[in-house]
Structures are given as C-alpha cells and as structure tokens.
Amino acid sequence: QDYFWAYATACFLMFAFGFWSHKKSPVWTALKVKPRQYSEKSLQVSAIAMVVLGAASYRIAGGLASAEQLSTQWTGPATLFFMFGQLLNWGFCISVLLFLRKRSWLNLAIICLASILIMLQMAGYIKRNAVFELAAIVGGSLYLVRGWRPSLAILATAILCGTLLI
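Rules used throughout
Once a new chain begins, its residue numbering starts again from 1 and follows that chain's sequence as written. This being a predicted model, a pLDDT of at least 70 is required before a residue's local features are given, and a value of 80 or more before pairs of side-chain atoms are given or counted; all residues contribute to the totals for chains, interfaces and linings. Each side-chain value is worked out from all heavy atoms of the structure, with water and hydrogens disregarded. Elements are defined by DSSP. Helices are runs of H or I of four residues or more, strands are runs of E of two residues or more, and each kind is numbered from the N terminus. Here the open area of atoms and residues is found with the Shrake-Rupley method and a 1.4 Å probe, where only the protein chains shown may cover a residue. Between Lys or Arg on one side and Asp or Glu on the other, a salt bridge is scored when a side-chain nitrogen of the former is within 4 Å of a carboxyl oxygen of the latter. Note on classification: 1.4 Å probe, protein chains only; a residue is buried when its accessible area is under 20% of the maximum for its type, exposed when over 50%, partly exposed between these limits. Every axis corresponds to a line fitted to the C-alpha atoms, with the helix fit spanning only the stretch in contact, and the corresponding angles, defined between N-to-C directions, vary from 0 to 180 degrees. Every angle not falling under 35 degrees, over 145, or within 65 to 115 is termed oblique; those three ranges are roughly parallel, roughly antiparallel and roughly perpendicular. The contact rule is simple, with two residues in contact once any of their heavy atoms fall within 4.5 Å. Throughout this description, the term nonpolar core refers to a set of buried Ala, Val, Leu, Ile, Met, Phe, Trp, Tyr and Cys residues connected via side-chain atoms within 4.5 Å. Within a predicted model, pLDDT stands for the predictor's per-residue confidence, ranging from 0 to 100. For this quantity, the arc is that covered by the directions from the helix axis to the C-beta atoms.

Peer 1: Let's hear about the overall build of the chain: which residues, and what values?
Peer 2: Assigned secondary structure in the chain consists of 9 helices and 0 strands. Listing each helix as α and each strand as β along the chain from the N terminus yields α-α-α-α-α-α-α-α-α. When the accessible surface of the chain is summed, it comes to about 12600 Å², and 72% of that surface belongs to carbon and sulfur atoms.

Structure (structure tokens):
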C-alpha cells in the first residue's frame, strides 16, 4: 500500500509522456499501421484447440486435490491447469467474433460447446466471475463487430447485478 501512489503516479507520467511524444514526434506520424488480415480457417482451428485444451485443463484440475488443498496451496500443477483452463474463454471469444463477422455452422458449434462448458464450469466450480466474463465477451463482441451498444439503463442494471453477484 505504501507504493501504490508511487506506481499510480509513474503510470500517469508515462501515459502523459507517451501521449505528448506521439503528438510531437514525426516518427509516429510517419508510421502507417494497417489492420492485419487473419485467416478465418486458422482462427477456427485455434478456437477449437483452445476450447478443447481449456475444458481438459478444467477437468484435470477438478480431480487434482480436495477444495481445501486447492484453496490454500496455489502452486505446481493446480496453477498450471487453472491457467490453461482460461483458454476456454479465449476460444469462446474468438468463435463469437468470427460468428458475428461471418456466420458459419462450425463457429456456431464452437460457441455452443464452449458456452455449455462455461455453464458447467460456473455450476461445478461456483465461479461467479465466469458469468461476468461470458457477458463481457458477448457484449464486447457485439460492440466491436456490429457497433451495438446497450442503453444506459441496461448497462447500469448489468453493473449493479454484477456487483451484487461477484
């Protein structure tokens, strides 16, 4: 807690310096960054691999040890498997973005499989933050691809419910 304000001040100063140098430097204005084009097929393959690896990691992590041991000792295989378990959410995110951009049955199947696994994860491990992650992925994808934004009342209600749940 002693270093919080020092870190916050350093972050703010670096942000201000980056903003100032970006506006002044001709190097930054000379660089023209073009959006990358990604192969839809390779993104689908990676989404499938992420969903499968994430689901397998959660399944293996569930059988490692009792809940008491996992809650007190976050070292070794438990940490590794729970970190790989996050790939399930990344695979779901990629497939939602691909489906909203160009509808296909494979993307829909990945979304259905991943959402079922995320729902089972929420029910089995009682992870309330997974609800928020699921909503953030779907809402962010709708905004990025379709430009859809919820009304202020819906957003305020979602934030209030999310705060009470988590």
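Peer 1: Explain the pattern of salt bridges to me, using residue names and the numbers behind them.
Peer 2: Under the defined criterion, the tally for this structure stands at 1 salt bridge. Close ionic contact of Glu-40 with Lys-102 constitutes a salt bridge, the shortest N to O distance being 3.9 Å. Of this pair, Glu-40 sits in helix H3 (residues 40-62) while Lys-102 sits in the loop between helix H6 (87-101) and helix H7 (105-125), placing them 62 residues apart in sequence. Classification of Glu-40 by relative accessible area gives partly exposed; the value is 26%.

Peer 1: Before we move on, could you go through the packing of helix H5 (residues 77-85) against H6 and cite the residues and values that matter?
Peer 2: Axis separation between H5 and H6 bottoms out at 5 Å; the angle between their running directions is 10°. With respect to each other, H5 and H6 are oriented roughly parallel. Every residue of H6 that contacts H5 at Met-83, Phe-84 and Gly-85 is listed here: Leu-87, Leu-88 and Asn-89.

Peer 1: Can you lay out the nonpolar core for me, pointing to particular residues and giving the numbers?
Peer 2: One recurring pattern in soluble globular proteins: nonpolar side chains tend to sit buried together. One finds Leu-88, Phe-92 and Ile-118 to be the most contacted residues of the largest nonpolar core, which totals 22 residues. Those elements that place two or more of their residues in this core are H3, H5, H6, H7 and helix H8 (129-146). If sequence neighbours within four positions are ignored, Phe-92 has contacts with Val-51, Ile-111, Ala-114, Ser-115, Ile-118, Leu-134, Ile-137 and Val-138.

Peer 1: Describe in detail the confidence of the model for the chain, supporting the description with residues and values.
Peer 2: Averaged over all residues, the pLDDT of the chain equals 76, while 74% of them reach at least 70. When pLDDT is averaged over each helix and strand of the chain, the minimum, 50, is found for helix H2 (residues 26-30) and the maximum, 87, for H6.

Peer 1: Residue-level account of the environment of Met-83, with values.
Peer 2: When you line up the elements, Met-83 lands in helix H5. Met-83 sits in the exposed class, given a relative accessible area of 56%. For the pair formed by Met-83 and Gly-54, sequence separation is 29 residues and the distance between their alpha carbons is 8.6 Å.

Peer 1: Would you mind going over H5 in detail, with residue names and values included?
Peer 2: Among the residues of H5, those classed as buried are Ala-78, Phe-81, Phe-82 and Gly-85. Viewed end-on, H5 has its buried residues packed into an arc of 95°, placing them on one side of the element.

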